[in-house]
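Close look at the chain arrangement
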Amino acid sequence: MNDALDSGASPENGSDEPLVLDYTVVKDDFTRAGEASGDVKKKLRMAGINPAAIRKVSICMYEGEINMVIHADGGGIRVEIYGDRVRMILKDKGPGIKDVDKAMQAGWSTASEEARNLGFGAGMGLPNMKKNSDSMDIQTVIGTGTTVTMVVNY
Amino acid sequence: MTIRDVVSITNAKVLAGEEDLDREITTAFGSDLMSDVLAYAKDCSMLMTGLANAQAIRTADMMDIGCVLFVRGKMPDEQMLELARDKEMVILQTNSFMFTTCGKLYAAGISGGTL
């Protein structure tokens, strides 16, 4: 636990210690998908973060969480709340993304019928995550999984 | 207009949030695709959808949308209503189709969001 936290909280600009939240995302748990995002939103609200930034974090994290449920075999989400930004690290076990450039195009999707029945899977997720974050990084290994790291400043 | 007006214009049933019907509605978004709600429904106070599953409630919550109107007679289950109450959301349901519902509300002064 702590080593991940230490490596995550690099001392850029002598930043404060983040508040760290960890969540487990379960594969194909369509009913609970989005629960972690809802919880983060509630906590950011309680922390008095400005509503526009909360909205951005919510969109990024919710789309990412849905992706982990519908495309991967679940995984973990770590959220680090700093004084001036939120960093979200979404790490899944899964097939990986074969063509990241294509996945970033609006409308490109490999989602299942079930994902579409959920109201997702139209190829809008990753582009919308990129649009709402101040930085986004995707590390993917075919057959192993994908880690998406996003930062929203406020 | 208030949610109470929406109820009367669309002939809707109130399924949750009876105590919050005096909340103001100015803009609304209609979609069954939640990704589009997340991409486009900024600053909307109401969502109209035919998608009756928990993701409709969660998506609305992420976008600070406090009222969801289910169209085409779609019925949210008790678990969804519980989730909506927890998030202090008003849940309405009408048998009208999406197009008809949107048309009536637009004619009565509700505007769509801007791109």
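Further up the page is the structure itself.
Residues numbered from 1 in each chain as written. Chains lettered and ligands numbered in written order. Predicted model: local features only at pLDDT ≥ 70, side-chain atom pairs only at ≥ 80, totals over all residues.

**Quick notes on the overall build of chain A**
Helix and strand counts for chain A stand at 6 helices and 5 strands. For 154 residues, the compact-globule estimate of 2.2 N^0.38 gives 15 Å, and chain A sits close to it at 15 Å. Dimensions of chain A, computed from C-alpha atoms along their principal axes, come out at roughly 45 × 30 × 25 Å. The buried share of chain A, reckoned over its 154 residues, is 36%. Considering only contacts in chain A between residues 6 or more positions apart, those separated by 24 or more positions represent 62%. (Helix = DSSP H or I, 4+ residues; strand = E, 2+ residues; numbered from the N terminus. Rg over C-alpha atoms; globule rule 2.2 N^0.38 Å. Buried ≥ 20, exposed ≤ 12 C-beta atoms within 10 Å, placed from the backbone. Contact = placed C-beta atoms within 7 Å.)

**A closer look at the environment of Gly48(A)**
Residue and element names in this part refer to chain A. Within the fold, Gly-48 resides in the loop between helix 2 (35-46) and helix 3 (51-70). A count of 7 C-beta atoms within 10 Å places Gly-48 in the exposed class. On a C-alpha basis, the gap between Gly-48 and Gly-145 in space is 34 Å, while along the polypeptide they are 97 residues apart.

**Some thoughts on the sheet that holds strand 2 (residues 75-81) of chain A**
All names here are of chain A. Strands sit in the order 1-2-3-5-4 across an open sheet of 5 strands; the sheet is antiparallel. Looking at strand neighbours, the two that pair on one side only are strand 1 (19-25) and strand 4 (135-141), the edges of this open sheet. The sheet shows a mean angle of 10° between the axes of neighbouring strands, direction not considered. Looking at chain direction, strand 1 and strand 2 are connected through 7 bridges and run antiparallel. From the neighbouring strand, Tyr-23 faces strand 2, where its bridge partner is Ile-77. Lying on the sheet, helix 2 is in contact with strand 1 and strand 2; it crosses strand 1 at an angle near 165°. (Pairing = 2+ DSSP bridges. Axes fitted to C-alpha atoms, helices over the stretch in contact; angles between N-to-C directions.)

By themselves, these figures tell us nothing about what the structure is for.
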